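# Structural characterization, general
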Amino acid sequence: MPTKIIKVDYLARVEGEGALYIKTKGKEVEAVELKIFEPPRFFEAFLRGRSYEEAPDITARICGICPVAYQMSAVHAMEQALGISLDPEIRKLRRLLYCGEWIESHVLHIYMLHAPDFLGVSSAMELAKTHKAEVERGLRMKKIGNRIVSLVGGREIHPINVRVGGFYQIPKQRDLEALLPELEWARQASKQTAQWAAGFTFPDFESEYEFVCLSHPNEYPFNEGQITSSHGLSIPAADFEKHFEEQHVAHSNALHCVRKGGGAYFTGPMARFAMNFEKLSDDVRAEAKKIGVGPDCRNPFRSILIRSLEVMHAYEEAMRIIRSRPNPSEAAPKITPKAGWGAAATEAPRGLLYHHYKLGDSGLIEEAKIVPPTSQNQKRIEQDLRQFVTKNIAADDEKLTWQCEQAIRNYDPCISCATHFLKVKWDREEPT
Amino acid sequence: MNPSTKPKLAVWKFASCDGCQLSILDCEDELLAIADRIEIANFPEASRQVMDGPYDLSLVEGSVTTEHDRKRLLEVRKQSRFLVTIGACATAGGIQALRNFSDVKEFTSVVYARPEYISTLETSTPISDHIPVDFELRGCPINKEQLLEVIQAFLIGRKPNIAPHSVCVECKLSGKVCVMVAEGTPCLGPVTHAGCGALCPGYARGCYGCFGPMNSAQPKSLAQQWKRLGKSDAEIFRVFHTFNANAEPFRSMEKADAD
């Protein structure tokens, strides 16, 4: 029997470079390998010998899409290492900055990376030819996220205003308040987004996932909380490495992170939504009910709906924070460097981001470890693909290839981060 | 065959964080107008559709860190009428060029459990070390208004209007108070290439060099000023060895240069 090979050389609309190799024999899937060929950049190696103060500026450069996430995990881990307690007003402004990044990254994914798949077009630019009003709505929604990051962080990509202990300069209340009318427009637009996306046709696919995310007693998680799993784990961030480990596989420049003694798990919007649903506002939960998605959602293709709801939450939260008039007593406390060890995890738009640092006496980094969300999801993506291809093996190659790409985009993978993705290559062998 | 008469744009990625190409998608007000006038022919981060070359303008992000990428770059040049590098990785090697001052094998063993699976060059180098480049746009990340200016200039056949002076000049032009003179905050503004709009001094922070060295920068004299403001040799060395560490004259700064 002949071997059948289907090949897509570079996965589009993901951040970074990767490839997919799938080998089928008859009705059996023999191999699924998500290959990350994004070249290694060795952040954990060259962070050694740098000052604790430099970590937020340097680690931001791991990812141009979610630099705030890197900065947040870095500063929280450093504050743990140095024993700095955080002014609650600074914490509010950090949440506001994180809202900006969630908005920017999620709206980018919803309108420019994910929606084109459901509407059968190759890009948002092409989508604009038939759905101009929707694409314009998305661009305007995205822009307000960037305005928040620019105002609080100094610029959209690689913000300059984040430092260990706080900020360099506190944004002026009147500048924050000027954002409110546009945020109110965007909150309404996020409802329209959710309703628009709810009209898409989703592949019939569900899986059993172990969800892992931060959980906080009374907030939808951004910067703080216990690392919890749907299988009963609840640990402080400092214990992450006791329960999770990174494995190095031959086909990828990214490390696979798994539960020790367990296996693949799922981090990101669907996990947060399932585990923290009751912490969303009445309005967001009502909207969820209206579009038919709840904490029991196990279809990753429907994650576009959950992203729309998380964006709605981020607009609401940003308005709540601005109206509470955050007023830190100082931009940042004076810090005396000392030896220490600290770890932190925060919720990047695409999932849990863990950092730990060991500092020497003068505050220089002796050891750094960074576990980005995409390396945590990578093994789970491969399992989704295996299950999806097994179920849809009779589909024609072109359709199945596109749907496999979609199954990967469901996770909003950020391959630039994971290197610390994508060619799709099919290898179909008929049974002999 | 390209049925369109619009100029064709390609965006290429080498070792990088994707932030500079994201700047294109961050042009929320201009993106649809750009797509009206330009054929976005090859931009995998934004589109599944890839049109064949040649391309009228290629924007190249990222540095060269693998043998495979070095060869791919030669092909990109052949396919491109104009080729512009965008960002500190493409113009200077980026932060990953810190390996150029270290042992890459040791770096690999720190990050990866199975170093034998990793294929990488000893160095991270700018695009212009490998192929002729028509224009270099600086920044970590680039400034999106400058990117729009560069795209426009190349597509209508004129020189981009990008100021070559220092952040210090930008700072004075924008009327900010000098953080180094007034507050004693060490600042790289006098030796750093303009482009950010003197962002950091506006946030009560000294410039830390995202746009790399300006032409004829004198980092050694600036280092003496930093020393007078209380910075140690090691701190001064590190600030020059960050996002543009491989770019001269930052590259040649030694640990004792401030003495």
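Residues numbered from 1 in each chain as written. Chains lettered and ligands numbered in written order. Predicted model: local features only at pLDDT ≥ 70, side-chain atom pairs only at ≥ 80, totals over all residues.

Per-chain confidence: chain A averages 91 in pLDDT, with 91% of residues scoring 70 or above. Counting contacts from residues 419-424 of chain A, a segment whose pLDDT is below 50, to residues more than four positions away or on other chains yields 47 contacts. (pLDDT = per-residue confidence, 0-100. Contact = placed C-beta atoms within 7 Å.)

Once that is clear, we can look at unusual backbone geometry. Residue and element names in this part refer to chain B. Residue Pro 141 follows Cys 140 across a cis peptide bond; omega there is 5°. Mapped onto the elements of the fold, Pro 141 is located in the loop between strand S5 (135-137) and helix H6 (144-156). Going from Glu 248 to Pro 249, the amide bond is cis rather than trans, its omega being 0°. Its location among the elements puts Pro 249 in the segment after helix H10 (233-240). At Asp 18, a position not held by glycine, the phi torsion is positive, near 75°. (Helix = DSSP H or I, 4+ residues; strand = E, 2+ residues; numbered from the N terminus.)

The subject of this paragraph is the domain arrangement of chain B. Residue and element names in this part refer to chain B. If you check the domain split of chain B, you get domain 1 (8-156) and domain 2 (167-240). Its C-alpha centre places domain 1 at a distance of 27 Å from the equivalent point of domain 2. Between domain 1 and domain 2, the residue contacts involve 8 residues of the former and 6 residues of the latter. In terms of residue count, the dominant contributor to the side of domain 1 that touches domain 2 is helix H4 (residues 88-92) (3 residues). (Domains from an automatic or database assignment.)

Let's shift gears to the sheet that holds strand S13 (residues 351-359) of chain A. Residue and element names in this part refer to chain A. A sheet is described by the order of its strands in space; here 3 strands give the open sequence S12-S13-S14, paired in antiparallel fashion. Sheet topology places strand S12 (340-348) and strand S14 (365-371) at the edges, where each strand pairs with a single neighbour. If you compare each strand with its neighbour and ignore which way they point, the axes differ by 10° on average. Bridging between S13 and S14 involves 6 bridges; their strand directions are antiparallel. By the bridge assignment, His 355 is partnered in S14 with Ile 370. (Pairing = 2+ DSSP bridges. Axes fitted to C-alpha atoms, helices over the stretch in contact; angles between N-to-C directions.)

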